[in-house]
Amino acid sequence: MPPVLDEFQGLSAFDAIMRHGNLGAGAEHLGISKSTLSRRISHLEYQLGQPLLHRQANRLIPTEAGTLFHQYCQQMLSLGERSQMALDELREEVSGDLSISVHPHFLRGWFNRLLTEFIEEYPGIRLTLTSNLQPPTREDDQVMLWLWEGPTRDSGLRDEVLGHQRQHLYAHPDYLRQHGHPQHPGELASHDWVNLIDRHHPDLVLHHPEQGEYRVSLPPSRFTVDNVVVHADHIAHGAGIGLLPDHHVRTRSVAHPGQFEACLPEWQGPSIPVSLHYPFGHPPRKLGALLDRIRRHVPKDWLSGPGQTGGDAPLHPSPHWPPD
């Protein structure tokens, strides 16, 4: 029996009798002899100053005091168990296997760097990282944590929204010099469009802080892809205009400046929710440590809610632009 619960031996003995009705079954449940169980009951009654049980045929029946005391006995045992679990958790090392599933858009950049730092801090951790375009589901009980981008459905998992990624229209500066800068969303129909699968086509709703919403019927895309990195590559190569998360553009522009220029910067695309999904209940220490690190390192421009226009503006080419 764990140390914190040693003082609860009498309570455990009494609870076992109340649940099983006789010394034999109660002793078997606790893994002790009937004589040891009987001594513990006698000692508890001596401490309380009154009998809790009386014998009737082959059963032990609670007295009025026993029935009343059992309610408090269960509460004390539950509290003792929780306190022992809390102490065990403090002693437990952050180690073991940790399986994570992420939306493919997070395989590079912010989250990958965060995981690298996590395993460097905790050498006992063994991470398995997989990507999945399907929303999180509890059917895969090997995965302890999902990081998802976009809408979700009820999965039976805890759903924790980390923030929302704002999006704007971007193109390569050479494309805009050659084809001209659109002055209104209605002009997008005359431009080449680079699309992301299941994200924008065939209609795109843009929002302006003063003019409200405008629904754009997009032209057919000559290139459609399901990966934001490849999507951004083709926009950066001058293939046309596309909708990109501002955070992705900013972080990429640190290493590759001058690839993107905002089009219609006052018009914002739909925000993309970013969320964590994990089982209900108290998380294991290794998962709790990772969750804490993720929450402390959420990109600052994800923190405003859906549809809000605060935070960093879309990227414009400028020699004075400070990288994120």
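Residues numbered from 1 in each chain as written. Predicted model: local features only at pLDDT ≥ 70, side-chain atom pairs only at ≥ 80, totals over all residues. Heavy atoms only, no water.

Q: What should I look at first to understand the overall build of the protein chain in this one?
A: Across its full length, the protein chain carries nine helices and 13 strands. Per-residue burial over the protein chain gives 44% buried out of 324 residues. Expressed as a percentage of contacts within the protein chain between residues at least 6 apart in sequence, the contacts between residues at least 24 apart total 73%. In the structure as shown, the protein chain presents an accessible area of about 17700 Å², 50% of it carried by carbon and sulfur atoms. (Helix = DSSP H or I, 4+ residues; strand = E, 2+ residues; numbered from the N terminus. Buried < 20%, exposed > 50% of the residue type's maximum accessible area, 1.4 Å probe, protein only. Contact = heavy atoms within 4.5 Å. Areas by Shrake-Rupley, 256 points an atom, 1.4 Å probe, with all protein chains shown as cover.)

Q: Got a minute to help me understand the environment of L196 in this structure?
A: Tracing the backbone shows L196 in strand β7 (residues 194-196). The exposure class assigned to L196 is buried, which follows from its relative accessible area of 4%. Sequence separation between L196 and L243 is 47 residues; the distance between their C-alpha atoms is 8.3 Å. Beyond its immediate chain neighbours, meaning those up to four positions away, L196 contacts H105, V225, D226, N227, V228 and H231.

Q: Would you mind going over the confidence of the model for the protein chain with me for this structure?
A: Reading predicted coordinates in detail is not appropriate for stretches of low pLDDT. The predicted model of the protein chain averages 83 in pLDDT, with 87% of residues at 70 or higher. Long-range and interchain partners of residues 1-5, a stretch whose pLDDT sits below 50, account for twelve contacts in this model, where long-range means more than four residues apart. Low confidence marks residues 307-312, where pLDDT is under 50. Its contacts with residues over four positions away, or in another chain, come to 14 contacts. (pLDDT = per-residue confidence, 0-100.)

Q: Sorry, what's going on with the nonpolar core here?
A: Across soluble globular proteins, you tend to see nonpolar side chains buried next to one another. Counting 25 residues, the largest nonpolar core has W110, F111, L147, L290 and I294 as the members making the most contacts within it. Secondary structure elements with two or more residues in this core: β3 (96-102), α5 (110-121), β5 (145-149), β13 (269-278) and α9 (285-296). Ignoring sequence-local partners within four residues, the contact set of F111 consists of I100, V102, F106, L129, L147 and I294. With 16 residues, the next largest nonpolar core counts L44, L52, L60 and F69 among its residues. (Core = buried A, V, L, I, M, F, W, Y, C linked by side-chain atoms within 4.5 Å.)

Q: Mind showing me how you'd approach helix α8 (residues 246-255) here?
A: Helical geometry note: an α-helix holds 3.6 residues per turn, so side chains three or four residues apart project in the same direction. Counting buried positions over the ten residues of α8 gives seven, a clear majority of the element. Here α8 has its buried residues at D246, H247, H248, V249, R250, R252 and S253. Tucked into the core, α8 has its buried residues touching α5, β6 (158-171), α7 (228-236) and β11 (242-245).

Q: What is the right way to look at the packing of helix α1 (residues 9-20) against helix α2 (residues 23-30) in this model?
A: Between α1 and α2, the least distance of the axes is 8 Å, while the angle of their chain directions is 125°. Taken together, the axes of α1 and α2 are oblique relative to one another. The handedness of the crossing between α1 and α2 is right-handed. Contacts from S12, A13, A16, I17 and H20 in α1 reach L23, A25, G26, H29 and L30 in α2. When grouped by side-chain class, the residues that make up the contact of α1 with α2 number six nonpolar, four polar and no charged. (Axes fitted to C-alpha atoms, helices over the stretch in contact; angles between N-to-C directions. Parallel < 35°, antiparallel > 145°, perpendicular 65-115°, else oblique. Left-handed = near helix turned anticlockwise from the far one by under 90°. Nonpolar A, V, L, I, M, F, W, Y, C, P; charged D, E, K, R; others polar.)

Q: What am I meant to see in the packing of aromatic side chains here?
A: Each pair of aromatic rings is reported with the distance of its centres and the angle of its planes. Throughout the structure, instances matching the rule amount to eight aromatic pairs. Among the aromatic side chains, those forming a connected cluster through ring pairs are F106, W110, F111 and W302. (Phe/Tyr/Trp six-rings, centres within 6.5 Å; stacked < 30°, edge-to-face > 60°.)

Q: Would you explain the environment of P273 in this entry?
A: Tracing the backbone shows P273 in strand β13. The class for P273 is partly exposed, based on a relative accessible area of 23%. Between the C-alpha atoms of P273 and P151, which are 122 residues apart in sequence, the distance is 6.8 Å. When near neighbours in sequence (up to four residues on either side) are disregarded, P273 contacts W148, E149, G150, P151, G163 and H164.

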